[in-house]
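These are the residues of each chain, in order.
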Amino acid sequence: MGIKNGNNDNSPTWSASALCWKHWRLYLVVSLSCVLLAVIVTVSIPKTYAAFVKVADEPKEIDILVGLNSYKAWIKQGIAKTYGKQGMSSPDLYSFFLRSNTFMEQISAIYIDNYNTDYYHYLLKYHKQAWWISICKKISLLWSKPNEKDEIYSIIKNNVRSNYSSRNSTITIRVVDNNPVVAALVADSVRNRLQLKIIENRRGVSQANLINATKTKDQLEKKYCDAQDEYNAYRDSHFDESLPNVKIALDGLRKERDRAFNDYSEAYEQYERAEILNHKEVNSFSVLKNVTVPIKSFEPIFIVYVLVFLFLGLVFTTWWILFERLIKCKK
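A few points on the structure. Every chain's residues receive numbers from 1 upward, in the order its sequence appears when written. Two thresholds apply to this predicted model, a pLDDT of at least 70 for residue-level local features and 80 or more for giving and counting side-chain atom pairs, whereas whole-chain, interface and lining totals are computed over all residues. Based on all heavy atoms of the structure, the side-chain values leave hydrogens and waters out of the count.

Observations concerning the overall build of the chain
And then number 1: To qualify as a helix, a DSSP run of H or I must reach at least 4 residues; to qualify as a strand, a run of E must reach at least 2; elements of each kind are numbered from the N terminus. Secondary structure assignment for the chain yields twelve helices and eight strands.
And then number 2: Here the chain, with 331 residues, has 33% of them falling under the buried criterion.
And then number 3: Contacts were defined at the residue level, with two residues in contact if any of their heavy atoms lie within 4.5 Å. Sequence-distant contacts in the chain: of pairs separated by 6 or more residues, those separated by 24 or more amount to 77%.
And then number 4: Only the protein chains shown count as cover for residues, and the accessible areas themselves come from Shrake-Rupley with a 1.4 Å probe. Of the roughly 21,600 Å² of accessible surface on the chain, a fraction of 58% belongs to carbon and sulfur atoms. A simple rule labels every residue: compare its accessible area, found with a 1.4 Å probe on the protein chains alone, to the largest value its type can have, and call it buried under 20%, exposed over 50%, or partly exposed in between.

So, a nonpolar patch on the surface
And then number 1: Excluding any residue in a salt bridge, patches collect residues exceeding 30% relative accessible area, merging like charges within 9 Å and nonpolar Val, Leu, Ile, Met, Phe, Trp and Tyr side chains within 5 Å. Here, a salt bridge means any Lys or Arg side-chain nitrogen found within 4 Å of an Asp or Glu carboxyl oxygen. A cluster of nonpolar side chains, namely Ile301, Ile303, Val304, Leu307, Val308, Phe311, Leu312 and Val315, defines an oily patch on the protein surface of about 740 Å² accessible area.
And then number 2: Locating leucine 312 in the fold gives a position in helix H12 (residues 302–330).

Focus on unusual backbone geometry
And then number 1: The linkage connecting glutamate 299 with the following residue, proline 300, adopts the cis geometry, with an omega of 0°.
And then number 2: Even without being a glycine, asparagine 116 presents a positive backbone phi close to 55°.
And then number 3: Considering the arrangement of structural elements, one finds asparagine 116 in the loop between strand E4 (111–112) and strand E5 (117–118).
And then number 4: Of the residues examined, asparagine 116 reaches a relative accessible area of 59% and is grouped as exposed.

Brief notes about the pattern of salt bridges
And then number 1: With the rule as written, the count across this model stands at seven salt bridges.
And then number 2: In this structure, lysine 149 and glutamate 105 form a salt bridge, with 3.9 Å as the shortest nitrogen-oxygen distance. Of this pair, lysine 149 sits in helix H9 (residues 148–159) while glutamate 105 sits in helix H6 (residues 101–108), and the two are 44 residues apart along the sequence.
And then number 3: Classification of lysine 149 as partly exposed rests on a relative accessible area of 38%.
And then number 4: One salt bridge connects aspartate 218 with lysine 217, and the closest N-O pair in it is separated by 3.0 Å.
And then number 5: By relative accessible area, which is 39% here, aspartate 218 ends up partly exposed.
And then number 6: Overall, lysine 217 belongs to the buried group, its relative accessible area being 10%.

Concerning the pairing of strand E7 (residues 170–177)
And then number 1: Within E7, six of the eight residues are buried, which leaves it mostly tucked inside the rest of the structure.
And then number 2: By the bridge criterion, six bridges tie strand E6 (residues 160–165) to E7 in an arrangement that is antiparallel. Paired with asparagine 163 across the strands is threonine 172, a residue of E7. Strands qualify as paired when DSSP identifies two bridges or more between them.

Concerning the side chain of threonine 42
And then number 1: Tracing the backbone through its elements, the reader meets threonine 42 in helix H2 (residues 24–44).
And then number 2: Any pair of N or O atoms that falls within 3.5 Å is considered a polar contact. Within protein, one atom must be able to donate a hydrogen and the other to accept it, and sequence-neighbouring residues count only if both atoms are side-chain atoms. Here alanine 38 takes part through its backbone oxygen, which lies 2.6 Å from a polar atom of the side chain of threonine 42.
And then number 3: Contact partners of threonine 42, with chain neighbours within four places excluded, come to Pro300, Phe302 and Tyr305.

Things to note about the side chain of serine 206
And then number 1: Looking at the element boundaries, serine 206 is found in helix H10 (residues 180–237).
And then number 2: According to the relative accessible area criterion, serine 206 is buried, its value standing at 15%.
And then number 3: Leave out the neighbours within four places in its chain, and serine 206 touches Leu277 and Asn278.

Structural data, given as structure tokens:
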């Protein structure tokens, strides 16, 4: 690439690539320095290990269709798919539980056998960070003292992550720690507690639906009985049903009674369905990949730091060489 020197058309041109090649020794020194820096950074960062659990939601088609005729079942299933009420179509439910403070308390109470303490005090005593992060925290203590509980919860939220795959309809739970056995233990405990929380949540929804269905059924049953009594009372008090006004009144009361009966019948079906679902075994999710103790470290990845530092170092060196040439041209 040839570039003219200044604004004079007769001035000689220079090549940026040739100029950079002339400084190959500088590039070599910078590259070696970047690799050395990557080694220092990698050694300074404590190793972490990641334990994974992959789960998939139980199918909800059976729950949706219980107690419905074929047409209503088809409508109900279509609504569930459209509005995301079916199984894993609402993955935020899992993330919400994993990020809530209530769940943080449960996770922090996990007992770590090897250290004879809970996860909260294990992190407080044995959690390792890079030396520069520790120095920054000590310096920040000069101005303000952070809340210990909030700091531990922040570490837990960083260690425990979940990822939803819309393609496979699965959720992967990842737990990282400096100790691979602790990472596996916490990951299994998180799966178990999440499973219990999902079951508890769905059980509460089923019970609430049953209470509402029972209340609606009782109200419509009373309305139907009142309509039936009113119809019978009017019919018993009017013997000549051939009279036009009596006939019109009876037809109106009969329609009102039949409408109340249809509403009550539908409410009773919903009540039976809610009662069946409330007594049905509640499923949470299926475990596709159970936790295992990780062997290889998850972080730091040496090659990543090498590539990042090399890229930054070479870009900065090239920019400095060209900038220096530009300054000379202006002089």
